[in-house]
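Inside the fold
So you can see what is in the structure, the chains are spelled out below.
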Amino acid sequence: MTTNEPLLLIDDANAVRTIHVNRPDKLNALNAATIDALDAAFADAGFDPSVRVVVLTGSGPKAFVAGADISEMNTLTPVQGRDFSLRGTRMMRRVEKLTKPVIAMVNGYAFGGGLELAMCCHLRIAADTAKMGQPEINLGLIPGFGGTQRLLRLAGRAATLELCLTGAPITAERALQLGIVNRVVPTAELESDTMKLAAQLANAAPLALRGMLDCVNIGGECAIEEGLEYESAQFGLVFATDDMREGTSAFLEKRKPAFNGR
Ligand code: COA
């Protein structure tokens, strides 16, 4: 792989956009240019009406993303370090707040910024051979793309402190036990299982999916009373959609619904 290769490989099929982080010779480490490319790619996926689901993965057989680029971080000043963190955090917040489902297909190492990237996706499917962790402590660093915060919310305080303080890698199976990933599948079936789930979501009612993503993203960050109010408002909103009429009518008419996203 030469440096002229694109940082991302993007392909579309049946309303599913697959984005590969494409630096396999560096185990897909996130340098600033790759972070910016991901930011732009997710902005585009969010606004492109032909895209209903995004799958994010890493190129090559070894890694999802092996972390933020250590060679780039090595010489940063404190101000540049903060900017680097803000850059990654902004991109990951965009992924997390996308109004379409994003599935991380964790095909190998997901360390540091790689686990942080997987955690900002809405669902995670991991190959049984994948390894995950927050090894920043081994570099004299701390997680800087939301790792302490998202891991805490996904897996709780004990698991977060164990992973971050020790830096030790965990298996995909252990990540499943901790609630960090949704599913673990044999490596050979990773792509087909992920695409099956993506197809299911691509055929679901997009505005209802969006309503649920918004409820979990926005409502989930506030007090329960406000969250419940928010859910009720979103619930009311879906009654304005063709898809809600179609879904309920299809049930009553004992046929499959066809959702058009309106
Ligand atoms: N940043 C920059 N380069 C990285 C990288 C990272 N996070 N992770 C891997 N690479 C590079 C290596 O430097 C190496 O480049 P080189 O061939 O030019 O020397 C290449 O990717 C292959 O990595 P290598 O270490 O030889 O592969 P491995 O299979 O022996 O080990 C890992 C795999 C993931 C265990 C090991 O690469 C690693 O520990 N990476 C760093 C993980 C990390 O600390 N991430 C958090 C960063 S904050």
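A quick note: this is a predicted structure, and the numbers were derived from the prediction, not measured. (Residues numbered from 1 in each chain as written. Predicted model: local features only at pLDDT ≥ 70, side-chain atom pairs only at ≥ 80, totals over all residues. Heavy atoms only, no water.)

Focus: the overall build of the protein
When helices and strands are counted, the protein shows ten helices and ten strands. Scaling as 2.2 N^0.38, a compact globule of 262 residues should have a C-alpha radius of gyration of about 18 Å, and the protein matches this with 19 Å. If one aligns the C-alpha atoms of the protein with their principal axes, the spans along those axes are about 60 × 45 × 35 Å. Taken over 262 residues, the protein has a buried fraction of 44%. Residue pairs at least 24 apart in sequence account for 67% of intrachain contacts in the protein once pairs closer than 6 positions are excluded. For the protein, the exposed area adds up to about 13,500 Å²; of that, 58% sits on carbon and sulfur atoms. Distance between charge centres in the protein, computed from 26 positive and 30 negative side chains, equals 1 Å. (Helix = DSSP H or I, 4+ residues; strand = E, 2+ residues; numbered from the N terminus. Rg over C-alpha atoms; globule rule 2.2 N^0.38 Å. Buried < 20%, exposed > 50% of the residue type's maximum accessible area, 1.4 Å probe, protein only. Contact = heavy atoms within 4.5 Å. Areas by Shrake-Rupley, 256 points an atom, 1.4 Å probe, with all protein chains shown as cover. Lys, Arg positive; Asp, Glu negative; His and termini not counted. Charge placed at Lys NZ, Arg CZ, Asp CG, Glu CD.)

A closer look at the environment of D48
Examined against the element boundaries, D48 turns out to sit in the loop between α1 (32–47) and β3 (53–58). Along the chain, D48 and M195 lie 147 residues apart, while their C-alpha atoms are 19 Å from each other. Filtering out sequence-adjacent residues up to four positions away, D48 remains in contact with R17 and K100.

Examining the site of the ligand
The immediate surroundings of the ligand are formed by 17 residues, with K26, K62, A66, A68 and I70 found nearest. Contact between the ligand and K62: an oxygen atom at 2.7 Å from a side-chain N or O atom of the residue. In this structure, a nitrogen atom belonging to the ligand sits 2.9 Å away from a main-chain N or O atom of I70. Within the complex, 60% of the 860 Å² of free accessible area of the ligand lies under protein. Of all the elements in the fold, those that place two or more residues in the shell around the ligand are α2 (70–73) and β6 (109–111). Grouping the constituent residues of the shell around the ligand by class yields ten nonpolar, two polar and five charged. (Near = heavy atom within 4 Å. Polar contact = N/O pair within 3.5 Å; in protein donor to acceptor, adjacent residues only side chain to side chain. Nonpolar A, V, L, I, M, F, W, Y, C, P; charged D, E, K, R; others polar.)

Examining the domain arrangement of the protein
You can read the domains of the protein as domain 1 (8–202) and domain 2 (206–252). Summarising the inter-unit geometry, the C-alpha centres of domain 1 and domain 2 are found 27 Å apart. Contacts between the two partners involve ten residues from domain 1 and, on the opposite side, seven residues from domain 2. Summing both partners gives a buried area of about 730 Å² for domain 1 against domain 2, and 60% of it is carried by carbon and sulfur. On the surface where domain 1 and domain 2 come into contact, there are one salt bridge. The residue R153 makes a salt bridge to E221 at a minimum N-O spacing of 3.8 Å. Taken together, the connections running from domain 1 to domain 2 amount to one residue pair in polar contact (both at pLDDT 80 or more). Of the residues assigned to the side of domain 1 that touches domain 2, the class counts are three nonpolar, two polar and five charged. (Domains from an automatic or database assignment. Buried area = accessible area lost by both parts, 1.4 Å probe. Salt bridge = Lys/Arg side-chain N within 4 Å of Asp/Glu carboxyl O.)

Re the side chain of R17
Relative to the assigned elements, R17 resides in strand β2 (residues 16–21). The buried category is assigned to R17, whose relative accessible area is 7%. Of the polar contacts made by the side chain of R17, one reaches the side chain of D44; its length is 2.9 Å. Apart from the residues within four sequence positions on either side, R17 is in contact with I10, D11, D12, D44, A45, D48, V51, V53, V54 and V55.

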